[in-house]
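# Secondary and tertiary structure notes
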Amino acid sequence: MNPNKSPSDQLSKTFLNAIALSQTAYELNNGYRLKKGDSLRFIDDSTLINLAGAKPLNLSIPDGFIITGIYKNKDTGLDVIMAVNKESKEIQIGVAGTNGFGRDYPDTREDLIGTGVNHVIELYRNQEFLRDLRGALSSFGGAQNLSNILIAGQSLGGSVATLLGQLLVSGEPQTPSNDISISAEKITVVAINAPGNEYTSKQLGFSEEETREYQESVNPHRLVVWNSKTNTFDFVSQLGGAFSGTSWALPVEIAQSVPELHRNGIGVHEGLQNTYGDLTQISSVAVPTLDHSSLTAIVTGK
């Protein structure tokens, strides 16, 4: 891997916030410790932490954010949280990924069929979500006073986060406007071990030119666990075609298998440990993508 550039100190802190936010969103799968009106605080994943090799993440979310919306659909597997800081005029949206591939049937179905497209359409058309978002912007005195909106998710959740950023900037193609338009410079997208959006953006109806404009205006970020000894990247991040933004390699040496590299409590934990939580040490990277023949070879072993 040839290092290209490294995150600024502020972006490094944003990445840590995003990892914490994405991990906290998994609590919507696991329990009832997230409630509207409560202060948003970091909650570690209480299910996958019991898997072999998993370790707790020592992270935090900045103070001042109040949970204003929870969007959960047990039938489809959608799990999203919104929190607002009225003092700093910031919004945070966390999207949970699959809570165990195969075991979490609704999310597994979305992994295999929609790759986040169905989830993001469901969220973007959710009237409660739109009402809460409008309410947050109104409390700031309008979208022009918004300081920043951070959208974060891991795995399937990262795919949804990437696509949601595009919808908030451009609206849904061939669909009447819902009157919510947020300036690109006020949106920060951070996906963790998530697939590319080359194909999913097309599925939403965006042209290649529109997706390039999204990349240039928002420049989404993607953290990808990378084993520096074997030069192996997270498997999920190699799916979905190209990623419309900057990918950053989170280096590990112990995690090797597909599940180990992918999970927050294993691969991401090791990457944070190796960098001592200082993500200014990581570098941007070109993540390889898998075509059909390569994917078939991996699955069949031939």
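Description of the structure in this document. (Residues numbered from 1 in each chain as written. Predicted model: local features only at pLDDT ≥ 70, side-chain atom pairs only at ≥ 80, totals over all residues. Heavy atoms only, no water.)

### Details of the overall build of the protein chain
Of regular secondary structure, the protein chain possesses 11 helices and nine strands. Going through the 302 residues of the protein chain one by one, you find that 54% of them count as buried. Contacts spanning at least 24 positions in sequence make up 73% of the contacts within the protein chain whose residues lie at least 6 apart. About 13300 Å² of surface is accessible on the protein chain, with carbon and sulfur atoms providing 49% of the total. (Helix = DSSP H or I, 4+ residues; strand = E, 2+ residues; numbered from the N terminus. Buried < 20%, exposed > 50% of the residue type's maximum accessible area, 1.4 Å probe, protein only. Contact = heavy atoms within 4.5 Å. Areas by Shrake-Rupley, 256 points an atom, 1.4 Å probe, with all protein chains shown as cover.)

### Some details on the side chain of Glu 172
Looking at the secondary structure, you find Glu 172 in the loop between α6 (156–170) and β5 (187–192). Note on Glu 172: relative accessible area 12%, which makes it buried.

### What about the pattern of salt bridges?
Between side chains of opposite charge, a pair can form as their charged atoms come close. Applying the stated criterion across every chain yields a total of seven salt bridges. A salt bridge links Asp 9 to Lys 13; the nearest nitrogen and oxygen atoms lie 3.3 Å apart. Taken together, the positions of Asp 9 and Lys 13, both in helix α1 (residues 9–25) and four residues apart, correspond to about one turn of that helix. Of the residues examined, Asp 9 reaches a relative accessible area of 46% and is grouped as partly exposed. Between Glu 208 and Lys 202 there is a salt bridge whose closest N-O contact spans 3.4 Å. Lys 202 sits in the partly exposed class, given a relative accessible area of 40%. (Salt bridge = Lys/Arg side-chain N within 4 Å of Asp/Glu carboxyl O.)

### As for the layout of surface pockets
Quantified by volume, the second largest pocket comes out at close to 280 Å³. As for the second largest pocket, its lining consists of 14 residues, of which Gln 10, Thr 14, Glu 90, Asn 148 and Thr 188 are closest to the centre. Elements supplying a minimum of two residues to the lining of the second largest pocket: α1, β3 (90–95) and β4 (148–154). The class makeup of the residues in the lining of the second largest pocket is five nonpolar, seven polar and two charged. (1 Å grid on protein atoms, 1.4 Å probe; cavity = no way out; pocket = protein on both sides within 12 Å on 5 of 7 lines; lining within 4 Å. Points joined across faces, edges and corners; volume = space filled by probe spheres on them. Nonpolar A, V, L, I, M, F, W, Y, C, P; charged D, E, K, R; others polar.)

### Quick notes on the pairing of strand β6 (residues 221–227)
In terms of residue burial, β6 counts as a mostly covered element, since seven of its seven residues are buried. A two-sided burial pattern is seen for β6, the buried positions comprising His 221, Leu 223, Val 225 and Asn 227 on one face and Arg 222, Val 224 and Trp 226 on the other. As paired elements, β5 and β6 share three bridges and run parallel to each other. Residue Val 190 lies in a different strand from β6, and its bridge partner there is His 221. Pairing analysis gives seven bridges linking β6 to strand β8 (residues 246–252), with the strands arranged parallel. Its bridge partner lying in β8, Trp 226 is registered against Pro 251. Bridge analysis of β6 against strand β7 (residues 232–233) gives two bridges, and the strand direction is antiparallel. For Asn 227, the partnering residue across the bridge sits in β7 and is Thr 232. The turn joining β6 and β7, which pair antiparallel and follow one another in sequence, is formed by four residues; a positive phi near 55° is taken by Asn 231. (Pairing = 2+ DSSP bridges.)

### Digging into unusual backbone geometry
Of note, Gln 174 is a non-glycine position whose phi angle comes to about 55°, a positive value. Among the secondary structure elements, Gln 174 is positioned in the loop between α6 and β5. One non-glycine residue with positive phi stands out, namely Tyr 276, at about 55°. Structurally, Tyr 276 is set in the loop between α10 (264–274) and β9 (283–284). Its relative accessible area of 76% is what places Tyr 276 among the exposed residues.

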